[in-house]
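If you want the building blocks of each chain, they are given just below.
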Amino acid sequence: MEKQIAVLKSVGPKLLPFFKTTCIYYILWLDADKPSLFSALVKVLPVLSLCVFVLLHGLSLSHLHSYARRILAGLVFSALGDAFLIWQHIDGLYFISGMLMFAIAHVLYIASFGFRPLVLPVGGALLGVAVAMYAVLYPGLHGVYAVLVGVYVLLLWLMLWRGVARLQVLDYDVWTWTKLAACVGALLFIVSDTLLGVNKFRLPIPYHRALVMTTYYAAQLGIALSVADLKDHDITACAQDAVMSSYDVHSMMSSQDAHSFKDSMMSSDDVHCSETVPNTSSHRRLHNGPCRSRKME
């Protein structure tokens, strides 16, 4: 518990830029019908702040940080998706481009969460939720959107399934608060995109922009927080592999050293014996020589 509190204290200051830029977005609340580069920048700043948070937590090209690298890449593609959606009212191509960016982000998040443990019952139950979501949107989908939204809903289902399966609530040795944050983040992503989809393809939702953006920023925050866990599955697994590899090498070296030492000792004993134990025939001649001379006398 003390270690978790220490992690939270170290995480808090790094999240200040995120909370400040989120407040700026809500305070300015720029007109969505007048898109501009400035409004796009204001919208993506909170997500870019989460990118900085991941970088501050620590990042390298080694396999130990593969999880954090995928989360960072997912955040970058999410920011690109946010920027494209600013101009969605002007041309439908911007909406499709934004959806493609978010689809890539979801693939990266799914790769980060992994597929172990599989937990098929959870996947089956959540698949029912995804089918229900698509059924609600389908009457308003026309042309290419019927396929694109279907694929996108499938990716959302996969991300939520892997986030929930990774949590492992009943296993106290594996469960961590950051895995819970990632799971909640994946769930809020589903809520945000469902609100956005219903408002765009089915019927207007009052205050939809505030609801969509609030759940969206909270979702990205939860997913970004998952890199703060010092007991992350990938890092722990890699560390264990490194330790075991080091142990195997050390054992092999120790075994070789032991054999070398044994061989050297045996060689030393042979030399010592050859030097200290006299030849039997010579010893007999030396011993018998004086005795025979006395008899002759």
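Residues numbered from 1 in each chain as written. Predicted model: local features only at pLDDT ≥ 70, side-chain atom pairs only at ≥ 80, totals over all residues. Heavy atoms only, no water.

Undergrad: Looking at this structure, how should I read the nonpolar core?
TA: Nonpolar side chains in soluble globular proteins tend to end up buried together. Formed by 65 residues in total, the largest nonpolar core has its most connected members in Phe 53, Leu 75 and Tyr 109. With 13 residues, the top contributor of residues to this core is helix H7 (residues 145–167). Beyond its immediate chain neighbours, meaning those up to four positions away, Tyr 109 contacts Ile 71, Gly 74, Leu 75, Ser 78, Met 159, Phe 189, Gln 220 and Ile 223. (Core = buried A, V, L, I, M, F, W, Y, C linked by side-chain atoms within 4.5 Å. Buried < 20%, exposed > 50% of the residue type's maximum accessible area, 1.4 Å probe, protein only. Helix = DSSP H or I, 4+ residues; strand = E, 2+ residues; numbered from the N terminus. Contact = heavy atoms within 4.5 Å.)

Undergrad: How do you make sense of helix H9 (residues 208–225) when you look at a structure like this?
TA: Along an α-helix, residues three or four positions apart point the same way, because every turn accommodates 3.6 residues. End to end, H9 covers 26 Å across 18 residues, agreeing with the expected 26 Å (1.5 Å per residue, within 8%). Taken as a whole, H9 has its buried residues at Val 212, Met 213, Thr 215, Tyr 216, Tyr 217, Ala 219, Gln 220, Leu 221, Gly 222, Ile 223, Ala 224 and Leu 225. (Expected span 1.5 Å × (residues − 1).)

Undergrad: Just checking my understanding: could you explain empty space enclosed by the protein for this structure?
TA: Where empty space is left becomes clear once a probe the size of a water molecule has been rolled over the atoms. For the structure shown, the criterion picks out 1 cavity of 30 Å³ or more. Each pocket or cavity is described by its volume, and for the largest cavity that value is around 50 Å³. Forming the walls of the largest cavity are Leu 126, Val 129, Ala 130, Met 133, Val 153, Leu 156, Trp 157, Leu 160 and Ile 190. Within the residue set of the lining of the largest cavity, elements represented by two or more residues are helix H6 (120–137) and H7. In terms of residue class, the lining of the largest cavity is made up of 9 nonpolar, no polar and no charged. (1 Å grid on protein atoms, 1.4 Å probe; cavity = no way out; pocket = protein on both sides within 12 Å on 5 of 7 lines; lining within 4 Å. Points joined across faces, edges and corners; volume = space filled by probe spheres on them. Nonpolar A, V, L, I, M, F, W, Y, C, P; charged D, E, K, R; others polar.)

Undergrad: Please clarify how the packing of aromatic side chains should be interpreted in this entry.
TA: In total, this model carries 16 aromatic pairs according to the counting rule given. Between the aromatic rings of Tyr 134 and Tyr 138, the centroid separation amounts to 5.6 Å while the plane-to-plane angle is 50 degrees, which identifies the pairing as tilted. Residue Tyr 138 is classed as partly exposed on the basis of its relative accessible area of 47%. Linked through ring pairs, Tyr 25, Tyr 26, Trp 29, Phe 102, Phe 189, Tyr 216 and Tyr 217 together constitute an aromatic cluster. In this arrangement the basic side chain of Arg 162 is found over the ring face of Trp 161, its NZ or CZ atom lying 4.8 Å from the centre. The positively charged end of Lys 200 is found above the aromatic ring belonging to Phe 95, 4.5 Å away from the centroid. (Phe/Tyr/Trp six-rings, centres within 6.5 Å; stacked < 30°, edge-to-face > 60°. Lys NZ or Arg CZ within 6 Å of the ring centre and 35° of its normal.)

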